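Examination of the molecular architecture
Now for the letters of each chain:
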Amino acid sequence: MSNYTKITDFAAKDALLHGNPSKVVTGTGLGAEFDAIATAVATKVDVNGALGTPSSGVATNLTGIAAGLTAGNATNATNATNATNATNATNATNATNATNATNASQLGGVAASGYARSGANADITSMTALTAINRTGGTSIKGTNTNNNAAAGDVGEYIESTIAVGAAVSLTTGVVTNITSISLTAGDWDVSGVVIMDSGATTNVTRVMGGINSTSATVDITKGYYSHIHSGYVPGSGQFRGMPLNTSRFSLSGTTTIYLVALANFTVSTCTAYGTISARRVR
């Protein structure tokens, strides 16, 4: 856009004497003057309607760079209200509804939606409490700090299954039998249990064994995963043997069934087993 500057001072020609060639007004001179006027008019902004009709959140026909801002590809920043002193905000694409982002200097390539902040860059005036802290590819570690149950997937989740004496499982001599089981989802678990053997008044028992295992009807002889008693006895009516099982680690990549198992070698009469298996999520 250019301003109009006179080429010829026509008023000065009135003071010149007749016969002075400079006193003559020529068509060429007038043409040059009118051309300069036309150029200036054509490159000026129209007063009425040139800026368009302002709309909420829409800047129409604005050109140039505001003082203090550096040029750079800030596109589609819709409804960015009161964003003051945002210096060198380069390539901030699609930053929608970034309200009251004050003094946000040199934000490069950040998409902010619905967040508010104030003060210097290092200041955070408030933060909404997180419902859980998650590790990528892992499980929630939120847990609980009262005497309720941790939610499924949280640290401290507890799972248990108990078979009472009235529902004791009948055993066949020399055969490993499932007493009960629990289903554990992916994670790291501490599993423990207890197996109780009960036999008839005349049953002659030579060996009993209890354990926990991820394989059905199988004793895992890994240290700590089973309890084993070698002794011959005829316990008599109402006698039993209890075998507490050490806490054992099960690190699982997917949902897995963990079994409480029992084995007895006996003759003459009957032998049954019951007990409890429990697990606590470590992580």
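Residues numbered from 1 in each chain as written. Predicted model: local features only at pLDDT ≥ 70, side-chain atom pairs only at ≥ 80, totals over all residues. Heavy atoms only, no water.

**A look at the overall build of the chain**
If you tally the helices and strands in the chain, you get one helix and nine strands. Shown N-terminal to C-terminal, the secondary structure of the chain runs as helices and strands in the order α-β-β-β-β-β-β-β-β-β. A burial count over the chain gives 26% of its 283 residues as buried. Considering only residue pairs separated by 6 or more positions, the chain has 63% of its internal contacts joining residues 24 or more positions apart. (Helix = DSSP H or I, 4+ residues; strand = E, 2+ residues; numbered from the N terminus. Buried < 20%, exposed > 50% of the residue type's maximum accessible area, 1.4 Å probe, protein only. Contact = heavy atoms within 4.5 Å.)

**Some details on the nonpolar core**
Formed by 29 residues in total, the largest nonpolar core has its most connected members in Leu171, Leu184, Val191, Val195, Met197 and Ile212. Apart from residues lying up to four places away in sequence, Val191 is in contact with Leu184, Ile212, Asn246, Thr247, Ser248, Phe250, Ile258, Ile277, Ser278 and Ala279. (Core = buried A, V, L, I, M, F, W, Y, C linked by side-chain atoms within 4.5 Å.)

**Quick notes on the pattern of salt bridges**
Oppositely charged side chains are able to pair whenever their charged atoms sit close together. All told, the structure shown has three salt bridges when counted by the stated rule. Among the salt bridges present, the one from Arg249 reaches Asp188, with a minimum N-O distance of 2.9 Å. Residue Arg249 is located in strand β7 (residues 240-252), and its partner Asp188 is located in strand β4 (residues 187-199); the two are separated by 61 residues in the primary sequence. For the salt bridge of Asp188 with Arg283, the shortest nitrogen-to-oxygen distance reads 3.6 Å. Of this pair, Asp188 sits in strand β4 while Arg283 sits in the segment after β9 (271-281); the two residues are 95 residues apart in sequence, bridging distant segments of the chain. What you see here is one network of salt bridges that share partners, running through Asp188, Arg249 and Arg283. (Salt bridge = Lys/Arg side-chain N within 4 Å of Asp/Glu carboxyl O.)

**Observations concerning the environment of Ser278**
Tracing the backbone through its elements, the reader meets Ser278 in strand β9. Separated by 20 residues in the primary sequence, Ser278 and Ile258 have C-alpha atoms spaced 9.7 Å apart. The residues touching Ser278, leaving out its near neighbours within four places in the chain, are Tyr158, Ile159, Glu160, Ile182, Asp190, Val191 and Ser192.

**Description of the packing of aromatic side chains**
Counted according to the given criterion, the structure contains one aromatic pair. For the pair Tyr225 and Phe250, a centre-to-centre distance of 5.4 Å together with 70° between the ring planes defines the contact as edge-to-face. With Tyr225 in the loop between β5 (204-213) and β6 (226-233) and Phe250 in strand β7, this pair connects stretches of sequence that are 25 residues apart. Here the two residues Tyr225 and Phe250 agree in accessibility, since each one is buried. (Phe/Tyr/Trp six-rings, centres within 6.5 Å; stacked < 30°, edge-to-face > 60°.)

**Considering the side chain of Ser161**
Looking at the element boundaries, Ser161 is found in strand β1 (residues 158-163). Of note is the side chain of Ser161, whose polar atom sits 2.6 Å from the side chain of Thr180. Look past the residues within four positions of Ser161 in its chain and what remains in contact with it is Thr180, Ser181, Ile182, Gly275, Thr276 and Ile277. (Polar contact = N/O pair within 3.5 Å; in protein donor to acceptor, adjacent residues only side chain to side chain.)

**Some words on the side chain of Asn265**
The topology assignment puts Asn265 in strand β8 (residues 256-267). Once you skip the residues sitting within four places of it in the chain, Asn265 turns out to touch Thr173, Gly174, Asn204, Val205, Thr206 and Arg207.

**Observations regarding the environment of Leu184**
With respect to the helices and strands, Leu184 occurs in strand β3 (residues 177-184). With 97 residues separating them in the primary sequence, Leu184 and Arg281 have C-alpha atoms 8.9 Å apart. Those residues in contact with Leu184 that lie beyond four places of it in its chain are Ile159, Trp189, Val191, Leu252, Gly254, Thr255, Thr256, Ile258 and Ala279.

**Thoughts on a nonpolar patch on the surface**
A surface patch of nonpolar side chains, amounting to about 540 Å² of accessible area, comprises Tyr4, Val25, Leu30, Phe34, Ile37 and Val41. Secondary-structure assignment places Ile37 in helix α1 (residues 27-42). (Patch = residues over 30% accessible without salt bridge, like charges linked within 9 Å, V, L, I, M, F, W, Y side chains within 5 Å. Areas by Shrake-Rupley, 256 points an atom, 1.4 Å probe, with all protein chains shown as cover.)

**Describing the environment of Gly224**
As for its position among the elements, Gly224 is in the loop between β5 and β6. Sequence separation of Gly224 and Asn246 is 22 residues, and the distance between their C-alpha atoms is 5.4 Å. Setting aside anything within four residues of it in sequence, one finds Gly224 in contact with Asn246 and Ser248.

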